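Structural description and commentary
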Amino acid sequence: MSSVLGRYGRGSPLAATALRVHGLRAHVLWDDTRQSQWVWNLGGACSAALAPDEQARILRRAHAPLAATLDRMEAALPHRPLTLHTSVGRCAEADGLRRALEPHLPWSPGHPKSALTLQLDGAAAVRAACSVLSPRSAPRVAVCAESYHGPPPHTLATVRYPVPVDGDPARSRRRLGAFLERHAHELDVLLVEPQWGSSRLGRPWDPELLPWFAAAARGAGVAVAADEVMCGLARHGRGSLFLSTALGLPVDAVVFGKSIAMGLPLAGAAVRPGAVRRAVPLESHTYAGAGRIAIRAAAETVAVLPSHIAGVRAREGVVRSVLETLPPGCKAHGQGLLWGVAHPGTQEQMALACRRCGVWPYSVRGGVMVTPPLSATLPELHQSLSALVDACRLLTAR
C-alpha cells in the first residue's frame, strides 16, 4: 500500500501509481493489490491534449532557451529568470501567451488587448477570473447547483442557479429566467460551463439556451465567466479553440487549464477588454503562473491545437459509434472528445470491472469520464472504448 496520499483513499481500488505510458496505454501499479497492469488510459480528467510524441515536440521547443539560461547562470552572467515569485514581477513570456490566445477568444477581433491572469490550477483560475470581474474582495457569484464549483469543498457560490432540464429547453428557460429576476441585483458574476465536466458527465447545454442565459445575465448587469478548463482547447469538437467562441457566447472571461502546458502546471483566464473591475486577482499566490517554461509551452500548444480541430470531429464519430453499444442501465453524454458514461454501480465496483477489462477511465460520482488526447489514433479509440463497454456489461450483469 502506498504511503503517498492522493485523491483516493489508501488501499482503494481506484488508487494507482502510473509507472509508464505508451500512446493511449498506461502501465499502472494498483494500490490495493500491489500488482501492475497495462491498461487503456482514457485521458484522466482532460490531462493530455495530444499524444506523447506531439507533447515531446512542444516541450522541446518550450525548453529550447533553458540550456543557454543555465549556462549563463553557472557563469554568473545576467540571464532570463526561470520563475518569478508573484511579489517580484511577471514573466515576459506571459504576453506571448496572451497574443497567441487573442485570435481564439469569443469577443470580436479589433478590440484593445485582452487581460490575462495566470495560476497553477483550474480551480484557482476560475476563482481569479471571478475576482477580476468583481469590484468586491468577496465576489458575489452564481454557480449551477450541480457545477463542480457549486457544492463544498469547491464552492464559489453566493447563490446557485437551477440545473437545466435535459431535453426541455423551454422549461429550463423559465426556471433560469425566474432565477435572474430574483437574484441578478445581488450578483457580480455568473459562472457557466459551456459543456459540463465531471459534475454532469460531459452533458452539452442546449445550443440556444446557454447563449440566451448569458445574454440575459449581462443585460441585467452581471458579468459572465465561462469555465472551459475541461471542454476548451478544441476538445468540444465544434470548430474552434474555445466552445464559447463556437456558440457565440457573450462572455467576459474564458478560463483555461489542464493540459495547456503539456503537463507543466499552468492555468488562467483571458478577460474581455473593459471587463476588468479589480486589477489584482485574489489568486496571485507565490508562483501562480510564474514558470517561464510552462508559459512558453502553453503558447506553443495554442499555436498547434488549431491543426487538430478537424480531426476531433472524425474521432467523435468513433466515440459515438462505440458508446451506442453500451448495455441497458448505462448512458453516454457528450460531444467532441469530452464524454461521460453514467452507470448504476459504485465507483469501486466500476473500477474493479474496468480493471478486469484493462481500461482506466476517470471515475466520478455516478459515472466515468472519457477524455482521450485529441490526436489519439482511431484504432486506439475503438479498442479502448470497446474495453469500457465491456466493463459496463460486466458491471450490469452482476
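Details of the structure are given in the entry above.
Okay, so let's go over this structure.

Cut-offs applied
Here the residue numbering is sequential within each chain, running from 1 through the sequence in written order. Local features in a predicted model are, by the rule used here, given only for residues with pLDDT of at least 70; side-chain atom pairs are given and counted only at 80 or more, and totals for whole chains, interfaces and linings are based on all residues. Heavy atoms throughout the structure, all of them, feed into the side-chain values; hydrogens and water do not. Think of it in three bands: residues with accessible area under 20% of the maximum for their type are buried, residues over 50% are exposed, and the middle band is partly exposed, with areas taken using a 1.4 Å probe on protein chains only. Runs of H or I in DSSP of at least four residues are treated as helices and runs of E of at least two as strands, each being numbered from the N terminus. Note on pairing: two strands pair once DSSP finds at least 2 bridges between them. The criterion used for residue contact is that any of the two residues' heavy atoms lie within 4.5 Å. Side-chain atoms alone can form a polar contact between residues adjacent in sequence; in general such a contact is a pair of N or O atoms within 3.5 Å, and within protein one must be able to donate a hydrogen while the other accepts it. Aromatic rings from Phe, Tyr and Trp, with only the six-membered ring used for Trp, were paired whenever their centres fell within 6.5 Å, and each pair was classed as stacked if the ring planes differed by under 30 degrees, edge-to-face if by over 60, and tilted otherwise. Only the stretch in contact is used when fitting a helix axis, every axis being a line fitted to C-alpha atoms; angles between N-to-C directions are given from 0 to 180 degrees. Geometric relationships in this document are graded by angle, where less than 35 degrees denotes roughly parallel, more than 145 denotes roughly antiparallel, 65 to 115 denotes roughly perpendicular, and other angles denote oblique. Left-handed describes a crossing whose near helix is turned anticlockwise from the far helix by less than a right angle; the clockwise case is right-handed. Residues are grouped as follows: Ala, Val, Leu, Ile, Met, Phe, Trp, Tyr, Cys and Pro are nonpolar; Asp, Glu, Lys and Arg are charged; every other residue, Gly included, is polar. Any carboxyl oxygen of Asp or Glu that lies within 4 Å of a side-chain nitrogen of Lys or Arg is treated as forming a salt bridge with it.

Covered by surrounding structure in strand S5 (residues 141–144) are Val141 and Val143 together with Ala142 and Cys144, the residues of both alternating faces. Two elements, S5 and strand S7 (residues 189–192), share two bridges in a ladder whose sense is parallel. Bridge pairing links alanine 142 to leucine 190 in S7. Relative to strand S6 (residues 159–161), S5 runs parallel, the two being bridged by three bridges. Paired with alanine 142 across the two strands is valine 159, which belongs to S6.

Among the structural elements, aspartate 206 can be located in the loop between S7 and helix H6 (209–219). With residues up to four places along the chain from it excluded, the contact list for aspartate 206 reads Pro169 and Pro211. A distance of 3.0 Å separates a polar side-chain atom of aspartate 206 from the backbone nitrogen of glutamate 208. Separated by 3.0 Å, the side chain of aspartate 206 and the backbone nitrogen of leucine 209 make a polar contact.

With respect to the element layout, histidine 333 can be found in strand S11 (residues 331–335). Not counting the four nearest positions on each side in its chain, histidine 333 is found in contact with Leu201, Gly202, Arg203, Leu338, Trp339 and Gly340.

As a further point, take the sheet that holds strand S3 (residues 36–41). Taken in spatial order, the four strands of this open sheet run S1-S2-S3-S13, and their pairing is mixed. Unpaired on one side and paired on the other, strand S1 (16–22) and strand S13 (359–360) mark the two borders of the sheet. Summarising the sheet, S3 and S13 pair through two bridges and their orientation is parallel. The partner of asparagine 41 across the bridge, within S13, is tryptophan 360.

Time to look at the packing of aromatic side chains. Inspection of every chain in the model, using the stated rule, returns six aromatic pairs. Taking the centre distance of 6.0 Å and the plane angle of 65 degrees together, the rings of tyrosine 161 and phenylalanine 179 count as edge-to-face. Here tyrosine 161 is found in strand S6, whereas its partner phenylalanine 179 is found in helix H5 (residues 169–183), with 18 residues between them in sequence. This pair shows no difference in class: tyrosine 161 is buried, exactly as phenylalanine 179 is. With a centroid separation of 5.1 Å and an interplanar angle of 70 degrees, the aromatic rings of tyrosine 161 and phenylalanine 213 are classed as edge-to-face. Remark: phenylalanine 213 occurs in helix H6 and tyrosine 161 occurs in strand S6; sequence separation between them is 52 residues.

For the pair helix H1 (residues 52–63) and helix H8 (residues 292–304), the least separation of the axes is 8 Å and the interaxial angle reads 135 degrees. As the angle between them shows, H1 and H8 are arranged oblique. Both H1 and H8 take part in a crossing whose hand is right-handed. Two secondary-structure elements touch here, H1 through Ile58, Leu59, Arg61, Ala62 and His63 and H8 through Ile293, Arg296, Ala297, Glu300, Thr301 and Val304. Its residues assigned to classes, the contact of H1 with H8 shows six nonpolar, two polar and three charged.

With that settled, consider the pattern of salt bridges. Across all of its chains, the model carries 19 salt bridges by this definition. Notably, a salt bridge pairs arginine 99 with aspartate 95, separated by 2.7 Å at the nearest N-O pair. With a gap of four residues between them, arginine 99 and aspartate 95 both fall in helix H3 (residues 93–101), about one helical turn apart. With its nearest N and O atoms 3.2 Å apart, the salt bridge here joins glutamate 316 to arginine 238. Here glutamate 316, found in helix H9 (residues 309–323), pairs with arginine 238, found in the loop between strand S8 (223–227) and helix H7 (243–247); they are 78 residues apart in sequence, far enough to count as distant. Via salt bridges that share partners, Asp95, Arg98, Arg99 and Glu102 belong to a single interconnected network.

Moving on, we come to unusual backbone geometry. Despite not being glycine, arginine 34 shows a phi value in the positive range, around 60 degrees. Here arginine 34 shows up in the loop between strand S2 (25–30) and S3. A positive phi angle, near 60 degrees, is found at alanine 76, a position not held by glycine. Looking at the element boundaries, alanine 76 is found in the loop between helix H2 (66–74) and H3. Under the relative-accessibility criterion, alanine 76 is labelled exposed at 68%.

Attention now moves to the sheet that holds S8. What the seven strands build is an open sheet, ordered S4-S10-S9-S8-S7-S5-S6; its pairing is mixed. Whereas interior strands pair on both sides, the edge strands pair on one side only; in this sheet they are strand S4 (115–119) and S6. Geometrically, the sheet is characterised by an average inter-axis angle of 25 degrees between neighbouring strands, direction not taken into account. Pairing geometry for S7 and S8, over four bridges, is parallel. By the bridge assignment, valine 189 is partnered in S8 with alanine 223.

Turning our eyes to something else, we now look at the pairing of strand S10 (residues 267–271). Judged by how many residues are buried, S10 sits mostly within the fold: five of five residues are covered. In S10, alternate side chains face the same way, and those of Ala267, Ala269 and Val271 on one face and Gly268 and Ala270 on the other are all buried. The pairing of S4 with S10 spans five bridges and is antiparallel. Paired with alanine 115 across the bridge in S10 is valine 271.

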